[in-house]
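This is what each chain is made of:
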Amino acid sequence: MATLDIKLPEIGEGVTEGELVNWLVKVGDTVKVDQPIVEIMTDKATVEIPSHTAGTVKDLKFNPGDMMAVDSVIMVLETSGAAKAAPAKAETKEAPKAATQKAPASNGHVGATSGGAIQPPVASSHVLATPSTRRLARETSVDINALSGSGLAGRVTRDDVLGSKGGNAASGGMEVVRPAAQVARPAFKSNQGALEERVPMRGIRKKIAENMQLYKQIIPHFSLMDEVDVTSLVRMREGLKADAEKMGVKVTYLPFVMKAIIAASRNFPMVNASIDDANQEIVYKNYFNIGFAADTPNGLVVPVIKDADQKSILEISQEIVELAKKARDGKLSLDEMRGASVTVTNIGSIGGNYATPIINHPEVAIFGMYKIYDKPVLMNGKWKARKVMNVSVTADHRLIDGAVAARYMNDVIARLQNPARLMLDLR
């Protein structure tokens, strides 16, 4: 009998690690070719990793909740010795056995236990670094955990990794540096333990917690709030709703808000931008990919409408319904949650007048829309009942000044108050 190491393959471009959500096999189980063996959570998507060789499970190297780096040994199989391992693939739950990026043959994702290349330590999930910087550290055998980042909020940059290669001879050519300072993680202590239940923070909830803490640490947030008279918008939507339903499409207010945001962003390109901290550059985007916050049983996810400026209200409405269903079912692919240039959160669909949403880094703004209600408004000396919706914009103060945010908000409001203007923006 022989043993084979099963390594974590490349899950997707730029993805360097994933959290083990659930083992689908246990020690002693017989594994068939292409049988899913483990569920990995990365960037809020659950990915199934299949085995591409048959055998008996001899050892599982990680526990649920552990972070696993790409190319690390995750499981040992005992085989007859005649089996040849094929390159491993990752499969998303969206379509069983739908392979993503194929691992390079030179990586040897399934290798013998008797040997193998020395790998640098697994990068801690708490080290601030971009995927490309983490990959550079692995390729140059640099322990990214030991670097003190020179970037914003202690982020490890490409220069930090490259600079660590040229230290003094006493340290074997490696610069000796102190680990980056970590944010204190206070423990919760209580004398009511018998009345409490403790469960591990795992999966999407853990990723949300890590991301929100990181985004608030990096981005100096500020928010503006206002109200919009959406009486005309409500009337327009009501007039379109019956025709849309005949075509099998449910039209909500969200697509109209997206269109208004896109039109306003053409006048304020800094809202549709990102900041590249590592290279100290502003990245202006000539595309409009609009994310929308989706509430699911497992937590918040942000599907993305790609090229929303090139799609009609009906097309956007249909895509929102499809992506929202995938989100609730936990079947969103990584690509369907990547690449947003700005995000909209529709808290009003649940209830609530105002909020201060957290920006979805690396974006620099998030637009909030809230519930629509009746409000008496004095118009030409007479009180009239109007439909009003509160709105907010939360912006990154490093790039967007308060006056700019206010003008941008006024631009969006003007379009929502007169939705016919959106017709002029169609391309």
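So, here is what we can say about the structure in this document. Only a predicted model underlies this, so the values are computations on that prediction, with no experimental measurement involved.

1. Observations concerning the nonpolar core
Counting residues in hydrophobic clusters, the biggest one holds 58 residues, and the most contacted among them are Met258, Phe292, Phe367, Ile400 and Tyr408. The element contributing the most residues to this core is helix 5 (residues 254-267), with 8 residues. Those residues in contact with methionine 258 that lie beyond four places of it in its chain are Ile290, Phe292, Ile305, Ile316, Ile320 and Val344. In this structure, Val15, Trp23, Ile49 and Phe62 belong to the second largest nonpolar core, which totals 20 residues.

2. Looking at the pattern of salt bridges
With the rule as written, the count across this model stands at 16 salt bridges. Among the ionic pairs, lysine 207 bridges to glutamate 210, the shortest N-O distance being 4.0 Å. Of this pair, lysine 207 and glutamate 210 both sit in helix 3 (residues 203-218), separated by 3 residues, roughly a single helical turn. Like glutamate 210, lysine 207 is buried. Residue aspartate 335 pairs with lysine 306 through a salt bridge whose shortest N-O separation is 3.6 Å. Of this pair, aspartate 335 sits in the loop between helix 6 (313-329) and strand 18 (342-346) while lysine 306 sits in the loop between strand 17 (304-305) and helix 6, and the two are 29 residues apart along the sequence. Here the salt bridges share partners, and the residues they tie into one network are Arg237, Glu238 and Lys241.

3. Focus: the packing of aromatic side chains
Counted under the stated rule, the structure contains 2 aromatic pairs. For the ring pair phenylalanine 268 and tyrosine 408, a centre distance of 6.1 Å and an interplane angle of 85° mean the geometry is edge-to-face. Pair noted here: phenylalanine 268 is in the loop between helix 5 and strand 12 (273-276) and tyrosine 408 is in helix 7 (residues 402-417), with a separation of 140 residues, a long-range link. Each member of the pair, phenylalanine 268 as well as tyrosine 408, carries the same accessibility label: buried. Aromatic side chains tyrosine 354 and tyrosine 370 sit 6.2 Å apart centroid to centroid with 55° between the ring planes, which places their arrangement in the tilted category. Placement of the pair is tyrosine 354 in the loop between strand 18 and strand 19 (365-379) and tyrosine 370 in strand 19, with a sequence separation of 16 residues. Of the residues examined, tyrosine 354 reaches a relative accessible area of 41% and is grouped as partly exposed.

4. Some thoughts on the sheet that holds strand 20 (residues 382-396)
Here 6 strands make up an open sheet; going across it, the order is 11-20-19-18-14-17 and the pairing mixed. Bordering the open sheet on either side are strand 11 (221-229) and strand 17, each of which pairs with just one other strand. Sheet topology note: the strand 14 (residues 290-292)/strand 17 ladder contains 2 bridges and is antiparallel. What sits directly across from glycine 291, in strand 17, is valine 304. Its contacts with the sheet put helix 7 on strand 11, strand 19 and strand 20, and the angle it makes with strand 11 is roughly 25°.

5. What about helix 5?
Here helix 5 contains 14 residues, and its C-alpha end-to-end distance of 21 Å stays within 8% of the 20 Å for a straight helix at 1.5 Å per residue. Along helix 5, the positions that sit buried rather than exposed are Leu254, Pro255, Phe256, Val257, Met258, Lys259, Ala260, Ile261, Ile262, Ala263, Ala264 and Ser265.

6. Considering the environment of threonine 231
In this fold, threonine 231 is placed in helix 4 (residues 231-246). Here aspartate 229 takes part through its side chain, which lies 2.7 Å from a polar atom of the side chain of threonine 231. Among the polar contacts made by the side chain of threonine 231, one reaches the side chain of arginine 386 at a distance of 3.3 Å.

7. Describing the layout of surface pockets
Quantified by volume, the second largest pocket comes out at close to 920 Å³. Those elements that provide at least two residues to the lining of the second largest pocket are strand 15 (294-296), helix 6, strand 18 and strand 19. Along the lines of polarity and charge, the residues of the lining of the second largest pocket split into 22 nonpolar, 8 polar and 6 charged.

8. Examining helix 3
For helix 3, built from 16 residues, the straight-helix expectation of 22 Å at 1.5 Å per residue is met to within 8% by its first-to-last C-alpha distance of 23 Å. Listed as buried for helix 3 are Gly203, Ile204, Lys206, Lys207, Ile208, Glu210, Asn211, Leu214, Tyr215 and Ile218. Where helix 3 is buried, its residues touch strand 2 (17-23), strand 4 (35-42), strand 11 and strand 16 (299-301).

9. With respect to the packing of helix 5 against helix 6
Relative to each other, helix 5 and helix 6 sit at 120°, their axes nearing to 9 Å. With respect to helix 6, the axis of helix 5 lies oblique. In terms of crossing hand, the pair formed by helix 5 and helix 6 is right-handed. Across the interface between the two elements, Leu254, Pro255, Phe256, Met258 and Lys259 from helix 5 touch Ile313, Ile316, Ser317 and Ile320 from helix 6. For the contact of helix 5 with helix 6, the residue count by class is 7 nonpolar, 1 polar and 1 charged.

10. So, unusual backbone geometry
In this structure, the amide linkage connecting histidine 361 to the following residue, proline 362, adopts the cis form with an omega of 10°. The residue proline 362 is located in the loop between strand 18 and strand 19 in this model. Positive phi is not limited to glycine here, since aspartate 34 has a value of about 70°. Note on placement: aspartate 34 falls in the loop between strand 3 (30-31) and strand 4. We note that asparagine 380 has phi near 55°; this positive angle belongs to a residue other than glycine. Mapped onto the fold, asparagine 380 is located in the loop between strand 19 and strand 20. According to the relative accessible area criterion, asparagine 380 is exposed, its value standing at 81%.

Procedures and definitions
Residues numbered from 1 in each chain as written. Predicted model: local features only at pLDDT ≥ 70, side-chain atom pairs only at ≥ 80, totals over all residues. Heavy atoms only, no water. Core = buried A, V, L, I, M, F, W, Y, C linked by side-chain atoms within 4.5 Å. Buried < 20%, exposed > 50% of the residue type's maximum accessible area, 1.4 Å probe, protein only. Helix = DSSP H or I, 4+ residues; strand = E, 2+ residues; numbered from the N terminus. Contact = heavy atoms within 4.5 Å. Salt bridge = Lys/Arg side-chain N within 4 Å of Asp/Glu carboxyl O. Phe/Tyr/Trp six-rings, centres within 6.5 Å; stacked < 30°, edge-to-face > 60°. Pairing = 2+ DSSP bridges. Axes fitted to C-alpha atoms, helices over the stretch in contact; angles between N-to-C directions. Expected span 1.5 Å × (residues − 1). Polar contact = N/O pair within 3.5 Å; in protein donor to acceptor, adjacent residues only side chain to side chain. 1 Å grid on protein atoms, 1.4 Å probe; cavity = no way out; pocket = protein on both sides within 12 Å on 5 of 7 lines; lining within 4 Å. Points joined across faces, edges and corners; volume = space filled by probe spheres on them. Nonpolar A, V, L, I, M, F, W, Y, C, P; charged D, E, K, R; others polar. Parallel < 35°, antiparallel > 145°, perpendicular 65-115°, else oblique. Left-handed = near helix turned anticlockwise from the far one by under 90°.

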